[in-house]
Amino acid sequence: MSESSENFLHLVQPAVHQVRPYQPGKPIDELKRQYKVSYVSKMASNENPLGSSLKVATALFNFSNQMARYPDSAGHNLRERLASFLQVEMGQITLGNGSNELLELIARVFAGPGDEIIYSQYGFAVYPISAQLVGATAVEVPAVDYGHDLPAMLAAITPRTKLIYIANPNNPTGTLFRKAQWESFLAQVPENVIVVLDEAYLEYAEHACPDGSYPNGVDYFRDYPNLLVSRTFSKAYGLASLRVGYLLGCEEILGYINRLRQPFSVNAYAQVAAITALSDPQFVAKSLRTNQQGMVQLKAAVEAKGFKVIPSFANFLTIEFGEQALEIYDKLLREGVIVRPLANYGLANFLRVSIGNNHENSHFIGALSKVL
Ligand SMILES: Cc1ncc(COP(=O)(O)O)c(C=O)c1O
């Protein structure tokens, strides 16, 4: 039997055949090995350029004698803290190994072969992957101005539709819809279709919409039991490596999700870190200010070079570089700057750049000037 051939493919479940795995940003160490660059600015995974709160580091250090113990599988303390932070009931919260785990579990609970899952063109990659994983039919609705076309998504609902995934703001385009569009959409979705509102970038969007026009999912899930709201500590809270996210929804649905969840999917350090991160609003506020300043800095610099950007309400900027996009991506790597090519999203002429700190933004701008 040869090692590289597909000897076992015929044994693989049909759903697994069609899965196109998630493509993560290139890790810093890989770039160092590949191009022998000593200094790297990773602006490819929408991480927090300030790192995380120092209070979190202290809390983790103080907790470091607990490694031999299993975590609290119910995440009681974190859910209790979140419940008071968000003014919701503990039973309306389920924790996940990043929101990614929860997004996939929702598909496993509600959809299978023959069912349809709706999401937007340019929607987050995990939505089609979740549909593929459960063997459901992925229904991609064309975007408008790179964002969700909510009326068209409504029109795409059929008797087979089980789930609709929506990100606000969307990744990788950064686009946003406002309260009026959202409320009209939600009121028209049939009660037997589950809507997943993915708010991974909520904090940035609220900051960028001081007029209060951002529809915060907490204000809706109690009136719409078919609505699930996913959130993460990976972005504004800077805890991406620890993998912790949560879902808000009605107790019945969360009960089904919990049946599938691995008992210890959120480790104890992630739980401690998230609780502590919620107690450091200054860190989040600083992260949001840094992001806003960086967004202005990057947008001005790339527009001055004649490139168009998609207006973004998140912590990244998607830039249209035309046919040379991949070449620019490659040359930036050699300058020690990792950004994200978007060909797998059907945006081959674009690159997505996560907003960095001042130093990283300058590194990107300097490297871009050099490679053009
Ligand atoms: C729109 C969106 N949803 C969910 C996630 C998953 O985040 P995590 O699994 O780190 O919570 C991401 C990560 O980039 C994202 O962009």
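Scoring rules and cut-offs
- Residues numbered from 1 in each chain as written.
- Predicted model: local features only at pLDDT ≥ 70, side-chain atom pairs only at ≥ 80, totals over all residues.
- Heavy atoms only, no water.
- Salt bridge = Lys/Arg side-chain N within 4 Å of Asp/Glu carboxyl O.
- Helix = DSSP H or I, 4+ residues; strand = E, 2+ residues; numbered from the N terminus.
- Buried < 20%, exposed > 50% of the residue type's maximum accessible area, 1.4 Å probe, protein only.
- Core = buried A, V, L, I, M, F, W, Y, C linked by side-chain atoms within 4.5 Å.
- Domains from an automatic or database assignment.
- Contact = heavy atoms within 4.5 Å.
- Pairing = 2+ DSSP bridges.
- Axes fitted to C-alpha atoms, helices over the stretch in contact; angles between N-to-C directions.
- Expected span 1.5 Å × (residues − 1).
- Buried area = accessible area lost by both parts, 1.4 Å probe.
- Polar contact = N/O pair within 3.5 Å; in protein donor to acceptor, adjacent residues only side chain to side chain.

**Q** Can you tell me about the pattern of salt bridges, naming the residues and giving the values?
**A** Inspection of the entire model under this criterion finds eight salt bridges. With its nearest N and O atoms 2.8 Å apart, the salt bridge here joins Lys162 to Asp115. One end of the pair, Lys162, is in strand E5 (residues 161–167); the other, Asp115, is in the loop between helix H5 (98–110) and strand E3 (116–120), with 47 residues separating them in the sequence. The class for Lys162 is partly exposed, based on a relative accessible area of 28%. With relative accessibility at 15%, the residue Asp115 sits in the buried group. Linking Glu335 and Lys370 is a salt bridge whose minimum nitrogen-to-oxygen distance equals 3.2 Å. Within this pair, whereas Glu335 is found in the loop between helix H13 (325–334) and strand E11 (337–338), its partner Lys370 is found in helix H14 (residues 358–371), the two being separated by 35 residues in sequence. Note on Glu335: relative accessible area 26%, which makes it partly exposed. According to the relative accessible area criterion, Lys370 is exposed, its value standing at 61%.

**Q** Tell me what's going on with the nonpolar core, and back it up with residues and numbers.
**A** Among the nonpolar cores identified, the biggest contains 52 residues, and Ile166, Trp182, Phe185 and Phe233 are the most heavily contacted of them. Considering every element that reaches this core, the biggest residue donor is helix H11 (residues 268–278), with six residues. The residue makeup of this core includes at least three contributed by each of domain 1 (9–51 + 282–371) and domain 2 (64–278). When neighbours within four sequence positions are excluded, Phe185 is seen to be in contact with Leu150, Met153, Leu154, Ile164, Ile166 and Val195. Ranked by size, the runner-up nonpolar core spans 31 residues in total, among them Ile106, Tyr119, Ala131 and Leu254.

**Q** Describe the sheet that holds strand E10 (residues 316–320), naming the residues involved and giving the relevant values.
**A** Sheet strands pair via backbone hydrogen bonds, and the direction of the pair is either parallel or antiparallel. If you trace the four strands from one edge of the open sheet to the other, you get E9-E10-E13-E12, paired in antiparallel fashion. The outermost strands of the open sheet, each flanked by one partner alone, are strand E9 (308–310) and strand E12 (340–341). Bridge count between E10 and strand E13 (residues 350–354): five bridges; the pairing is antiparallel. By the bridge assignment for E13, Phe316 is matched with Ser354. Contacting E9, E10 and E13, helix H12 (residues 281–304) runs over the sheet at an angle of about 10 degrees to E10.

**Q** Just give me the short version of H14, but keep the residues and values in it.
**A** Spanning 14 residues, H14 covers 20 Å between terminal C-alpha atoms, matching the ideal 20 Å at 1.5 Å per step. Of the positions making up H14, those classed as buried are Glu360, Asn361, His363, Phe364, Ile365, Ala367, Leu368 and Val371.

**Q** Quick one: what's the story with the domain arrangement of the chain, residue by residue and with numbers?
**A** According to the domain assignment, the chain consists of domain 1 (9–51 + 282–371) and domain 2 (64–278). When each unit is reduced to the centre of its C-alpha atoms, the spacing between domain 1 and domain 2 is 23 Å. With 31 residues of domain 1 at the interface, the matching set in domain 2 holds 32 residues. Here domain 1 meets domain 2 over a buried area of about 2,600 Å², counting both sides, of which 65% is carbon and sulfur. When the area that domain 1 buries against domain 2 is broken down by residue, the three leading residues are Leu288, Phe313 and Tyr345, summing to 28%. Here domain 1 and domain 2 share zero salt bridges between them. In this assembly, domain 1 and domain 2 are joined by 12 residue pairs in polar contact (both at pLDDT 80 or more).

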